[in-house]
Structure formats: structure tokens, C-alpha cells
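# A look at the structure
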Amino acid sequence: MQTPTYHEAARQLLTQGFADLSTGDSRQASEKGWGAAAQMIKAIASNRGWKHDSHAALYRVIDRLVKETGDDGIRNRFGIANGLHQNFYENWGSTDYVAGGLADIKELLDKLEPILEQERVPPPGTGHQ
């Protein structure tokens, strides 16, 4: 299971995104924002045994999480992450656009971390059930 790796990567990528933005590299900041969101979704999917190996699979995970939580903000913020992903290729987003997107991704991670933490399974052999 790669859940901790995905989770750690999500936070690291978000931090890198803000750092890239502070140096004026909004393209890299955009892609780091997308990566942070995708990695957190992968962490939850991995923990639950759900498929997460494509963009389409990530969107299916988002749909399941929205149904489970009733929180459309998850879908909306993941859509913003996808917009940042597009900005990496097209470079049409202003610095303010990217900064706002990264802030939204931080809110997404903050919403999803409790879901991930409440279902964390102890490593095998620790004696905990």
C-alpha cells in the first residue's frame, strides 16, 4: 500500500507549488497544485482499494467521495486542480489565478485529510486491529 507516500507527496507538492509561485514560475506552481490534489485522491483510493491509475479513475473517486460526504466542494476544488493542470500546458493563468488555485487545493487537502486519517489501517504486525 502506498497511502503514506501519496499523502506525503500531496503536502510536499503543495509546498513546492507555493515556492514556485513565489519565484514567479506559475506554470510549475500550477502543475504542483494539480499533483498535490491528485496525490491526495490517490492516497484515499489506495487506502480503500479503489482504482486510481488514470484521470478518469480519479474523477470516479471524486464522485464516490462527493456521494459519501455530500460535499460538492470536493468536486469543485478538484475541478480547480484540473484547471491548474491545463494552465501548465497553456500558461494562460495569471499569478493571482494560480495563487487562488493553490489556496483552493490547500482547502481540498484539508477537507480530505480527515477522511484519510479516520480510515488509516495500522501496518501489519503491530498488533492493533
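Refer to the preceding data block for the structure.
The present account deals with the structure reproduced in this document.

Definitions and cut-offs
Residues numbered from 1 in each chain as written. Predicted model: local features only at pLDDT ≥ 70, side-chain atom pairs only at ≥ 80, totals over all residues. Heavy atoms only, no water. Helix = DSSP H or I, 4+ residues; strand = E, 2+ residues; numbered from the N terminus. Buried < 20%, exposed > 50% of the residue type's maximum accessible area, 1.4 Å probe, protein only. Contact = heavy atoms within 4.5 Å. Core = buried A, V, L, I, M, F, W, Y, C linked by side-chain atoms within 4.5 Å. Axes fitted to C-alpha atoms, helices over the stretch in contact; angles between N-to-C directions. Parallel < 35°, antiparallel > 145°, perpendicular 65-115°, else oblique. Nonpolar A, V, L, I, M, F, W, Y, C, P; charged D, E, K, R; others polar.

## Thoughts on the overall build of the protein chain
Check the secondary structure of the protein chain and you find 5 helices and 0 strands. In the protein chain, which comprises 129 residues, the proportion classed as buried is 44%. Considering only contacts within the protein chain whose residues lie at least 6 apart along the sequence, 66% involve residues at least 24 apart.

## A short note on the nonpolar core
With 33 residues, the main nonpolar core has Ile41, Leu65, Phe78, Leu102, Ile105, Leu109 and Leu112 as its most contacted residues. Where this core is concerned, the elements lending two or more residues are helix 1 (3–22), helix 2 (26–48), helix 3 (55–69), helix 4 (72–90) and helix 5 (95–118).

## Details of the packing of helix 3 against helix 4
The geometry of a pair of packed helices is captured by two quantities: the angle between their axes and the separation between those axes. Interaxial distance between helix 3 and helix 4 falls to 8 Å at its minimum, and their mutual angle equals 155°. Taken together, the axes of helix 3 and helix 4 are roughly antiparallel relative to one another. Counting all contacts with helix 3, which are made through His55, Leu58, Tyr59, Ile62, Asp63, Leu65, Val66 and Thr69, the residues of helix 4 involved are Asp72, Ile74, Arg75, Phe78, Asn82 and His85. In terms of residue class, the contact of helix 3 with helix 4 is built from 7 nonpolar, 4 polar and 3 charged.

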